[in-house]
Amino acid sequence: MDTGTHLVVGLGLAGLAYVDPVVAADSVTATAVLITTVIGSQIPDSDGLLRFRGNASYIRNHRGKSHSLPAIAIWTALITLVVSFVFRGASISHIALWAFIAVAFHVFTDLFNAYGTQAFRPFTEKWISWNIIHIFDPVLFAGHVIAIFLWSVRLAPPEIVFPTLYILLAFYYVWRTIAHWVTIHNVKLQDSSFDPEHKYLIIPTIHLYAWNVVKTMGNGRYTLGEYKNNRLRWIDEVECESHPAITASRTHADVAAFLYFTSYACAEIKEHSWGYEVRWVDVRYRHRKQYPFVAVLLMDKQYNTMDSYVGWLNEDRLEKRLKMDAY
């Protein structure tokens, strides 16, 4: 989820904590738990600081070790230690309980969107993305904002508002999960060129009844489409290219980080007077006829690196960033 949603979830869990009799009866513990849940809902994403080491480091590690099973325990212990030190009179066990809930809930909800996490490390480094909920879900966000408002203006007690909210959200997640699998089934039925060997990836959008579709056909070929209002429409085809420069690019740190993160990478090459421009794109992310999540490598005729970029950029900004015209 995005940072804003994680913030309101942290506040929502603080309200939910009032079902805990110790929290409800002790204002010091309640305040400590509020701080705990807000921090716990954010701290796994502290790996965003890796941006200072470069985009490659960030892309390779974001939602990796920081969202792993050992990290949940480490974050819980760290938050408990700091918050209990500041709030000396608060219940340490209840701070620890709600720290664990906040951190674990963050990691769990991140599994439902397309970006993915390595939540099952150290058992596997596989990126797990269930593609159920968009990274910013308006229902999830609005539900928390309304509940927090009702609590803050005392229109309803938190021990009623927030259990009701999370019960409704549980049903919402179940409905979205069912909708995801139904959509996969319907896409296969509506695809006139359906082949059992093809693989279909259904990706949620911010619109509840619209999904992006990636069909993998093998041999580096993809068809991109959208499933909207129960109708499938194909909108683009991508065929990956092969060239010695593309093979050589795989060893570059930026490209290696990109390929470590995604299983839907596709390369294309452009030859210039000065050498080659190798561009890797993640076909899952298509926006306004472009694929903005890229790893680009400029190489001379001997395949030596001249410049590189990995991250999110549109076509115009990418050309300015790499200054291709300078070569």
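Structure's up top.
Notes on the structure follow. Once a new chain begins, its residue numbering starts again from 1 and follows that chain's sequence as written. Predicted model: local features are reported for residues with pLDDT of at least 70 only, side-chain atom pairs are reported and counted for 80 or more only, and whole-chain, interface and lining totals are derived from all residues. The basis for the side-chain values is all heavy atoms of the structure; hydrogens and waters are excluded.

1. Focus on the nonpolar core
Threshold: Definition used in this section: a nonpolar core is a set of buried Ala, Val, Leu, Ile, Met, Phe, Trp, Tyr and Cys residues joined via side-chain atoms within 4.5 Å. Only protein chains enter the area calculation, which uses a 1.4 Å probe; residues under 20% of their type maximum are buried, those over 50% are exposed, and those in between are partly exposed. The secondary structure listing takes helices from DSSP runs of H or I that are at least 4 residues long and strands from runs of E that are at least 2 residues long, numbered from the N terminus. Here, residues are in contact when the closest pair of their heavy atoms is within 4.5 Å.
In this structure, Trp280 and Val283 are the most contacted members of the largest nonpolar core, which totals 42 residues. In terms of residues, this core owes the most to one element, strand β7 (residues 293–299), which gives seven residues. For Val283, the residues in contact, after removing those within four places along its chain, are Val214, Tyr222, Leu224, Val238, Tyr264, Cys266 and Tyr291.

2. What about helix α5 (residues 69–86)?
Note the threshold: Expected span of a helix: the number of residues minus one, times 1.5 Å.
Counted at 1.5 Å a residue, the expected span for α5 with its 18 residues is 26 Å, and the 27 Å between its end C-alpha atoms agrees. All of the buried residues along α5 are Ala71, Ile72, Trp75, Thr76, Ile79, Thr80, Val83 and Ser84. Contacts from the buried residues of α5 go to α3 (27–40) and α6 (92–110).

3. Details of the pairing of strand β6 (residues 275–282)
As a general feature of sheets, a regular strand has side chains that alternate between the two faces. The line we're drawing: By the convention used here, strands pair only if DSSP detects at least 2 bridges between them.
Buried residues dominate β6, accounting for eight of its eight residues. Bridging between strand β5 (residues 265–272) and β6 involves eight bridges; their strand directions are antiparallel. Considered in β6, the bridge of Glu271 is made with Tyr276. Between the end of β5 and the start of β6, which pair antiparallel, lie two residues. Judged from the six bridges that link them, β6 and β7 form a sheet pairing that is antiparallel. Note on β7: the bridge partner recorded for Tyr276 is Met299.

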